[in-house]
Amino acid sequence: MKLFFSTGTCALAPHIVMAELNMVYELEAVNLKDKTCASGDFYKINMKGSVPALKMENGEILTEGAIISQYLVDQKNEGTLLPKFGTNDRFRALEWMNFISTDIHKNFSPLFSAERSYASLETQNEVKNVYKKILTDKFNFIAEKLGQNDYLMGNQFTIADAYMFTCLAWTKYVGLDLNNWSNLTSYMKRVSERPAVMRAMKEQGMIK
Ligand SMILES: N[C@@H](CCC(=O)N[C@@H](CS)C(=O)NCC(=O)O)C(=O)O
């Protein structure tokens, strides 16, 4: 299996999942600016031009990070990173995955692209402020739901934590301060100290 990734992007989430599952995997870095990678034109691998993309054992490419993580867990028929099929908890974990994908991940995107998208500095700042406010409201919700639990689903680390950690780590690049939510900062520290998370971050060159 090979994961096409770009350092620190949402591709970190399935990378963490592969490391948590102790899978044998290869990695290939993608330059998102010119859509190239060691294999050549990245558009030929994923027409969407985005990471993550997973080359599965059968040679097909699977995209959409939230689904890649589910696919990986199901390869191992593993019942902890994602609760077993048919259980109520599985739907609760998937509820988090969808929320992170649509309400967290994609509300960060304008904060990264405002400079490219709008010529005027004033508009850039207006757009950024709108999305910072949206994210702040979402962070209030996450902090409330997390409470004093170690992880989103309680005591058990799941694929939702891999994805949440990945997105919340972007706060430091966009001028959002997680220190306003003490349980979120301790959550980030807890997740960052997991050996598999450290392994994935090292493999992406994010830490030494
Ligand atoms: N719907 C995709 C979106 C993935 C996505 O937004 N990837 C970003 C990095 S976090 C990316 O590759 N952006 C560059 C681009 O789309 O051109 C998913 O959830 O996996």
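Let us look at the structure shown here. Here the structure is a predicted model, which means the values were calculated and not measured.

## Re the pairing of strand β1 (residues 2-5)
- Across four bridges, β1 lies against strand β2 (residues 26-31) in parallel orientation. In the sheet register, F4 faces β2, and the bridge partner there is E28.
- You can see the chain leave β1, run along helix α1 (residues 12-20) and come back into β2, and the turn it takes is right-handed.
- Alignment of β1 against strand β5 (residues 53-55), held across three bridges, turns out to be antiparallel. For K2, the partnering residue across the bridge sits in β5 and is K55.

## Points about the nonpolar core
- Counting 46 residues, the largest nonpolar core has V17, I159, A160 and Y163 as the members making the most contacts within it.
- Take this core: its biggest share by element is eight residues, from helix α6 (residues 159-168).
- Both domains that meet at this core, namely domain 1 (2-80 + 197-203) and domain 2 (88-194), each give it at least three residues.
- Setting aside anything within four residues of it in sequence, one finds V17 in contact with S69, L72, V73, L81, I159 and A162.

## Re the sheet that holds β1
- One open sheet accounts for six strands, arranged β4-β3-β2-β1-β5-β6; its pairing is mixed. Only two strands of the sheet have a single neighbouring strand rather than two, namely β4 (40-41) and β6 (61-63).
- Note: β2 against strand β3 (residues 36-37), two bridges, orientation antiparallel. Among the inter-strand pairings, V30 is bridged to a residue of β3, identified as C37.

## Some details on unusual backbone geometry
- Put simply, V51 and P52 share a cis peptide bond, and its omega is 0°.
- Note that P52 resides in the loop between α2 (42-45) and β5.
- At N22, a residue that is not glycine, the phi angle is positive and equals roughly 55°.
- Counting through the fold element by element, N22 comes out in the loop between α1 and β2.
- A residue is classified by how many C-beta atoms lie within 10 Å of it, and N22, with 10 of them, is exposed.
- Phi is positive for K35, which is not a glycine, with a value near 55°.
- Position of K35 relative to the elements: it lies in the loop between β2 and β3.

Here is what the cut-offs are and how they apply
- Residues numbered from 1 in each chain as written.
- Predicted model: local features only at pLDDT ≥ 70, side-chain atom pairs only at ≥ 80, totals over all residues.
- Pairing = 2+ DSSP bridges.
- Helix = DSSP H or I, 4+ residues; strand = E, 2+ residues; numbered from the N terminus.
- Right-handed = clockwise from strand over helix to strand, strands pointing away.
- Core = buried A, V, L, I, M, F, W, Y, C linked by C-beta atoms within 7 Å.
- Buried ≥ 20, exposed ≤ 12 C-beta atoms within 10 Å, placed from the backbone.
- Domains from an automatic or database assignment.
- Contact = placed C-beta atoms within 7 Å.

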